[in-house]
Amino acid sequence: MSILVNGCAGFIGSNLTNRLLFNGHSVIGIDNFSTGKRKFLNRALNHPQFRLIEGDLLDADRLAPCFKGADCVMHLAANADVRFGAAHPRKDLEQNTIATHNVLEAMRANGINRIAFSSTGSVYGEASVIPTPEDAPFPIQTSLYGASKLAAEGLIAAYCESFGFQSWIFRFVSILGERYTHGHVFDFYRQLKQDPALLRVLGNGRQRKSYLYVQDCIDAMLLVMERTSDKVNIFNLGVNAYCEVNDSIGWICKAMGVTPHIEYGGGDRGWVGDNPFIYLDTARVCALGWTPSLSIQEGVIKTVEFLQANEWVTEARE
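Residues numbered from 1 in each chain as written. Predicted model: local features only at pLDDT ≥ 70, side-chain atom pairs only at ≥ 80, totals over all residues. Heavy atoms only, no water.

Re the side chain of serine 210
Using the following cut-off: Strands are runs of DSSP state E lasting at least 2 residues, helices are runs of H or I lasting at least 4, and numbering of each runs from the N terminus. In this scheme, a residue with accessible area under 20% of its type's maximum is buried, one over 50% is exposed, and one in between is partly exposed, where area comes from a 1.4 Å probe on protein chains only. Pairing of N or O atoms within 3.5 Å defines a polar contact, subject to two protein rules: one partner must be a possible hydrogen donor and the other a possible acceptor, and residues neighboring in sequence count only if both atoms are side-chain atoms. Here, two residues are considered to be in contact whenever any of their heavy atoms come within 4.5 Å of each other.
With respect to the helices and strands, serine 210 occurs in the loop between β9 (208-209) and β10 (211-213). A relative accessible area of 2% places serine 210 in the buried class. At 2.7 Å, the side chain of serine 210 and the backbone oxygen of alanine 241 are in polar contact. When sequence neighbours within four positions are dropped, the list of residues in contact with serine 210 reads Val173, Ser174, Val239, Ala241, Tyr242, Ile278, Tyr279 and Ile296.

Some details on empty space enclosed by the protein
Using the following cut-off: Method remark: on a 1 Å grid restricted to protein atoms, a set of points is classed as a cavity if a 1.4 Å probe fits but cannot get out and as a pocket if it is open with protein on both sides within 12 Å along at least five of seven lines; lining residues have an atom within 4 Å of a point. Grid points are joined across faces, edges and corners, and a volume is the space filled by probe spheres set on the points. Residues are grouped as follows: Ala, Val, Leu, Ile, Met, Phe, Trp, Tyr, Cys and Pro are nonpolar; Asp, Glu, Lys and Arg are charged; every other residue, Gly included, is polar.
Under the definition given, this model contains 2 cavities of 30 Å³ or more. Around the largest cavity sit Leu176, Tyr211, Leu212, Tyr213, Val239, Leu294, Ser295, Ile296 and Gly299, which together line it. Elements supplying a minimum of two residues to the lining of the largest cavity: β10 and α10 (296-309). Its boundaries defined by the atoms lining it, the second largest cavity holds a volume of some 30 Å³. If you go around the second largest cavity, the residues you meet are Gly121, Tyr124, Gly125, Ala127, Ile130, Thr132, Asn275, Phe277, Ile278, Tyr279 and Leu280. Across the lining of the second largest cavity, the residue classes break down as 7 nonpolar, 4 polar and no charged.

A look at the pairing of strand β6 (residues 166-172)
Just so we agree on the cut-off: When DSSP finds two or more bridges between two strands, those strands count as paired. By definition, the crossover connecting two strands over a helix is right-handed if that path, from the first strand to the second, turns clockwise as seen with the strands pointing away from the viewer.
Across the 7 residues that make up β6, a large majority, 6, are buried. By the bridge criterion, 7 bridges tie strand β5 (residues 114-120) to β6 in an arrangement that is parallel. Paired with threonine 120 across the bridge in β6 is phenylalanine 172. Since β5 and β6 lie parallel, the crossover through helix α5 (residues 144-163) that links them has a hand, and here it is right-handed. Here β6 pairs with strand β11 (residues 232-237) via 6 bridges, running parallel. Note that in β11 the partner of arginine 171 across the bridge is asparagine 236.

Quick look at the environment of valine 214
Summarising the element assignment, valine 214 is placed in helix α7 (residues 214-227). For valine 214, a relative accessible area of 0% corresponds to the buried category. Along the chain, valine 214 and arginine 227 lie 13 residues apart, while their C-alpha atoms are 20 Å from each other. Among residues more than four places away in sequence, those in contact with valine 214 are Phe11, Ile12, Asn15, Ile175, Leu176, Gly177 and Glu178.

A short note on the pairing of strand β2 (residues 26-31)
Counting buried positions over the 6 residues of β2 gives 6, a clear majority of the element. Here β2 shows two buried faces, one formed by Ser26, Ile28 and Ile30 and the other by Val27, Gly29 and Asp31. As paired strands, strand β1 (residues 2-6) and β2 are joined by 5 bridges and run parallel to one another. Among the inter-strand pairings, isoleucine 3 is bridged to a residue of β2, identified as valine 27. For the crossover from β1 across helix α1 (residues 11-22) to β2, the handedness is right-handed. When β2 meets strand β3 (residues 50-54), the two strands line up parallel, connected through 5 bridges. Bridge assignment links valine 27 to a residue of β3, and that residue is phenylalanine 50.

This is the structure:
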């Protein structure tokens, strides 16, 4: 197949691009490099079945020709800085919701009707059911990021009904692993590289979150797309476990060989819109035969090892 990957130079997108090429597909990659890294595409750029288009999904007038020839779209491009949503409220709207609408219209213009979308467990807000299944009642939205992703989900489902599209919507927990460039492991690693004696932590360190290794995430996405055929297919992706931020701090410090003094910001959440407990029910994806290969602890350690071996990633964010 010819598969178009939006956000192909990002953390998950570049790993997905490599996997698709390895599996024998041709890939059209689109990225504006606002957060994606060209280095992440070094292998893909040398592959004869890969074509890179440097462009912005918000440039609707120029988007449709970029989609020509694709059989399926895997839409991973999004605003990656989740916790700063309140500082620039239009960014989530534009990069997550409006960009998704532009993608759907470009698909419609080219007769493409299959889309996979990277959503988030944040759409559940402060869930009343833990672990949270895909059909859990939706509470009031607590973050602009989650609200913008939920709006994009709604658009995708409506296009499936209105225009005969088929979709796979994946609600991720936080993803870890190679090419990771944002999130708490990155932030803690960068702090400890600068000052191994001190670590400042947002909140009280007791926030409970679940995480998933990036290669396990890609395994799950591709398996679900192969084995499900409903008009709208919604799946949580995560592991059957969670950890406290304090647990993660311990694993990171051990991997780095440091014993810092820890200063907590206080409160049960790290920022406005942060959910203090995210733990998704993954029975639906596991029933298809998928099992994650790494635990949360192993994923955290893999991420630290990647950052240690690729100091340029942290330097690029300075």
